[in-house]
Amino acid sequence: MKLKGPTPEKILPAIFYGVAIIQILAGIPLALSVVPQNSIYGFRTRSTLANETIWYEMNQIFGIALVLGQIIILIATLLILSKKRNLKEISIYKVGIGLNIIVLIVAALLTFILANNI
């Protein structure tokens, strides 16, 4: 007896879109500079936690980069999943995870680079 349930074709988009939407929702308050200094949520470094002005400036940069990066991931996910005929299921997971890691690294690097100009 085969159990009926969600198929990978339905689960994969939900995972990719869900992660992107959660990160966009997390990035918006940072981009809008409405998150006060804290030790849990935001771009936390010694300098951001020591100086409120630096906290807001760096978190705004990080939030914008995070939101833009996740929008790119949403678009890439649409393209990848619409052309997945030649991709194996495991390849789609690897691409999705890789894209998320790249976005987070680029957002962090961009924040550090621009922070040197602050």
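Residues numbered from 1 in each chain as written. Predicted model: local features only at pLDDT ≥ 70, side-chain atom pairs only at ≥ 80, totals over all residues. Heavy atoms only, no water.

1. A word on the overall build of the protein chain
The helix and strand inventory of the protein chain stands at four helices and zero strands. Here the protein chain holds 118 residues, and the buried ones make up 31% of them. Considering only contacts in the protein chain between residues 6 or more positions apart, those separated by 24 or more positions represent 62%. In the form shown here, the protein chain has an accessible surface area of approximately 7,800 Å², with 70% of it arising from carbon and sulfur atoms. (Helix = DSSP H or I, 4+ residues; strand = E, 2+ residues; numbered from the N terminus. Buried < 20%, exposed > 50% of the residue type's maximum accessible area, 1.4 Å probe, protein only. Contact = heavy atoms within 4.5 Å. Areas by Shrake-Rupley, 256 points an atom, 1.4 Å probe, with all protein chains shown as cover.)

2. A short note on helix α3 (residues 52–82)
The terminal C-alpha atoms of α3 lie 44 Å apart, and with 31 residues this matches the ideal 45 Å at 1.5 Å per residue to within 8%. One side-chain oxygen of the residue at the start of α3 lies 2.8 Å from the amide nitrogen of T53, identifying that residue as N51. (Expected span 1.5 Å × (residues − 1). Polar contact = N/O pair within 3.5 Å; in protein donor to acceptor, adjacent residues only side chain to side chain.)

3. A closer look at unusual backbone geometry
In terms of backbone geometry, most residues other than glycine have negative phi values and most peptide bonds are trans. Positioned with a positive phi, S33 is a non-glycine residue whose angle comes to about 60°. Note that S33 resides in the loop between α1 (8–31) and α2 (46–50).

4. A short note on the packing of aromatic side chains
The full count for this structure, using the stated rule, is one aromatic pair. Ring geometry for F43 and F62: centres 5.1 Å apart, planes at 40°, overall tilted. Taken together, the residues span a long stretch of sequence, with F43 in the loop between α1 and α2 and F62 in helix α3 at a distance of 19 residues. F43 gets classed as buried once you look at its relative accessible area, which sits at 8%. (Phe/Tyr/Trp six-rings, centres within 6.5 Å; stacked < 30°, edge-to-face > 60°.)

5. Considering the environment of I72
Inspection of the secondary structure puts I72 in helix α3. A sequence separation of 27 residues divides I72 from L99, and the C-alpha atoms of the two residues are 9.2 Å apart.

6. Re the confidence of the model for the protein chain
Regions with low pLDDT carry predicted coordinates that are not meant to be interpreted in detail. When the pLDDT values of the protein chain are averaged, the result is 82; 85% of them are 70 or greater. For the protein chain, helix α4 (residues 89–115) is the element with the lowest average pLDDT, namely 78, and α2 is the one with the highest, namely 89. (pLDDT = per-residue confidence, 0-100.)

7. Considerations on the side chain of N59
Relative to the assigned elements, N59 resides in helix α3. Look at N59 and you get buried, because its relative accessible area is 2%. At a separation of 2.4 Å, a polar atom in the side chain of N59 contacts the main-chain amide nitrogen of F43. Not counting residues within four places of it along the chain, the set of residues in contact with N59 comprises L30, A31, G42 and F43.

8. Observations concerning the environment of L12
One can find L12 in helix α1. The class of L12 is buried, set by a relative accessible area of 2%. C-alpha of L12 to C-alpha of L81: the two residues are 69 residues apart in sequence and 8.5 Å apart in space.

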